[in-house]
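Below are the chains, spelled out letter by letter.
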Amino acid sequence: ETYRLKVLPGKKYLLRIINAALNAEQFFRIAGHRLTVVAVDATYTNPYDTDVVVITPGQTVDVLLTTDQLPRRYYMAAHPYSSATGLVFANTTTRALLVYNDGDDDDKAALMPSLPAFNDTPTAHEFYSNITSKVGARFWVPVPKEVDYRMLITIGLGLSACDLPGNQTCVAPFGMKLSASMNNVSFQFPSKLSMLEAFHGNVEGIYTADFPDAPPTVFDYTNTSLSLDRSLVTTTKSTKVKKLRFNSTVEVVFQNTALLSSENHPMHLHGFNFHVLAQGFGNYDPATDREKFNFVNPQIRNTIGVPVGGWAVVRFQANNPGIWFVHCHLDVHASLGFAMAFEVENGPTPETTLPPPPRDLPRC
């Protein structure tokens, strides 16, 4: 039941690639063919020629495929990009067939592409960091120059107090359970009322507007020797947001940490696209890394893979009122508390004000 994409020789095809996996970034290749990236996350890019696509969960990549090879069968294939040290997963590869000759049913003769090693971070970073936006194209907006809010958000895994019921025991170090956090805050979903309803009705007690602009402790974020430092790895559960004025500009530095482990984290922002100004490895240094910012044609997207042991800087305009979730798009990490939210205040007009919930909104 292998999927077959039937093509004609000498044609050009637009392929829309979506990573629908829950917990794995993917390397994608088509045997014998090169691809031209023309859009990411529904925003046009300058044409980027490549033989491999790297895509995180929730991301989309549009590519042009030219059928300029000998008529035969070629495999399209993908397998995980896994940057976490020691992570174990099934050694599987997903495949489909690119079929030039519809009358040829010999799948055994199909050409298989060679895929990068599971932990090939240089290849992944080359792809992620070389995409630029098509200036003046549909959906493109200039980079906001003035910044109203600057945030440094550390991201990664951690530990929190063990509260398992009955005789269950936590298996994490120090008798605690595995959690995840942003600026040492592990997100906890409210159970009484949705955050959006609380925002609209000005209901207190559902969340607090004190998410920190920086981590509580400054340390060597990518130093693996600090991985089990209990003073750094311990986090607490809470429901916090960062309040933003309507139409303000926000710049966020996502700084990866090496606590417990280190890996590429795909960070996703609901409600907005953002400009990816720069990304790199090690600890972000504003004195030198700001010189790397691309203000001319940075890629615009809603999900960015923050490099393993590194950082990424994004900037967006908060012109969409409401509560907007920010989280790691590795599903297991989001469930561990790898999230926060922005509360964007209402604007001055009815069109820039959050409408009331529908009358048939389901109740808890």
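Residues numbered from 1 in each chain as written. Predicted model: local features only at pLDDT ≥ 70, side-chain atom pairs only at ≥ 80, totals over all residues. Heavy atoms only, no water.

**Focus: the sheet that holds strand 2 (residues 12-18)**
In any sheet, the strands associate via hydrogen bonds between backbone groups, in a parallel or an antiparallel arrangement. Spelled out, the test is: Strand pairing is defined by DSSP finding a minimum of two bridges between the two strands. Think of it this way: any DSSP run of H or I at least four residues long counts as a helix, any run of E at least two long counts as a strand, and we number them from the N terminus. For helices, the fitted axis covers only the stretch in contact; all axes are lines through C-alpha atoms, and the angles between them, taken along N-to-C directions, range from 0 to 180 degrees.
Read from one edge of the open sheet, 4 strands run 2-7-4-5, paired in antiparallel fashion. Each of the sheet's edge strands pairs with one partner strand only, and the pair in question is strand 2 and strand 5 (43-50). In this sheet, adjacent strand axes meet at a mean angle of 25 degrees when their direction is disregarded. Pairing between strand 4 (residues 35-40) and strand 7 (residues 60-66): 5 bridges, direction antiparallel. Note that in strand 7 the partner of Val40 across the bridge is Val61.

**Comments concerning empty space enclosed by the protein**
Defined as follows: Cavity means a closed set of points on a 1 Å grid over the protein atoms alone, one where a 1.4 Å probe fits but cannot get out, pocket means an open set with protein on both sides within 12 Å along at least 5 of 7 lines, and lining means a residue has an atom within 4 Å of a point. Grid points are joined across faces, edges and corners, and a volume is the space filled by probe spheres set on the points. Any residue that is not Ala, Val, Leu, Ile, Met, Phe, Trp, Tyr, Cys, Pro, Asp, Glu, Lys or Arg is counted as polar, Gly included; the first ten are nonpolar and the last four charged. All the domain ranges listed were derived from an automatic or database domain assignment.
What the rule picks out here adds up to 2 cavities of 30 Å³ or more. As a volume, the largest cavity reaches approximately 50 Å³. Lining the largest cavity, in full, are Val252, Phe254, Leu269, Phe274, Val314, Phe316, Val326 and Phe342. Counting only elements with at least two residues in the lining of the largest cavity, the list comes to strand 15 (248-256) and strand 20 (310-318). Among the residues forming the lining of the largest cavity, the class breakdown is 8 nonpolar, no polar and no charged. In this structure, the second largest cavity spans a volume of roughly 40 Å³. Lining the second largest cavity are Tyr81, Thr121, Ala124, His125, Tyr128, Asn264, Phe281, Gly305, Pro307 and Val308. No other element matches the 4 residues that helix 1 (residues 121-129) contributes to the lining of the second largest cavity. Class assignment for the residues of the lining of the second largest cavity results in 6 nonpolar, 4 polar and no charged. Each of two domains, domain 1 (4-132) and domain 2 (149-352), supplies a minimum of three residues to the lining of the second largest cavity.

**With respect to the domain arrangement of the protein**
The condition that has to hold: Contacts: residue pairs with any heavy atoms within 4.5 Å of one another. By buried area we mean how much accessible surface two parts lose on assembly, using a 1.4 Å probe and totalling the loss over both. One speaks of a salt bridge when a side-chain nitrogen belonging to Lys or Arg is within 4 Å of a carboxyl oxygen belonging to Asp or Glu.
Each domain of the protein was delimited in the assignment, giving domain 1 (4-132) and domain 2 (149-352). Taken residue by residue, the interface counts 23 residues in domain 1 and 23 residues in domain 2. Summed over both sides, the interface between domain 1 and domain 2 buries roughly 1,900 Å², with carbon and sulfur atoms accounting for 50% of that surface. Broken down residue by residue, the surface that domain 1 buries against domain 2 is led by Asp41, His125 and Tyr128, which jointly contribute 24%. In this assembly, domain 1 and domain 2 are joined by 1 salt bridge. Those elements that place two or more of their residues in the side of domain 1 that touches domain 2 are strand 5 and helix 1. In terms of residue count, the dominant contributor to the side of domain 1 that touches domain 2 is helix 1 (4 residues). Taken together, the residues that form the side of domain 1 that touches domain 2 break down as 8 nonpolar, 13 polar and 2 charged.

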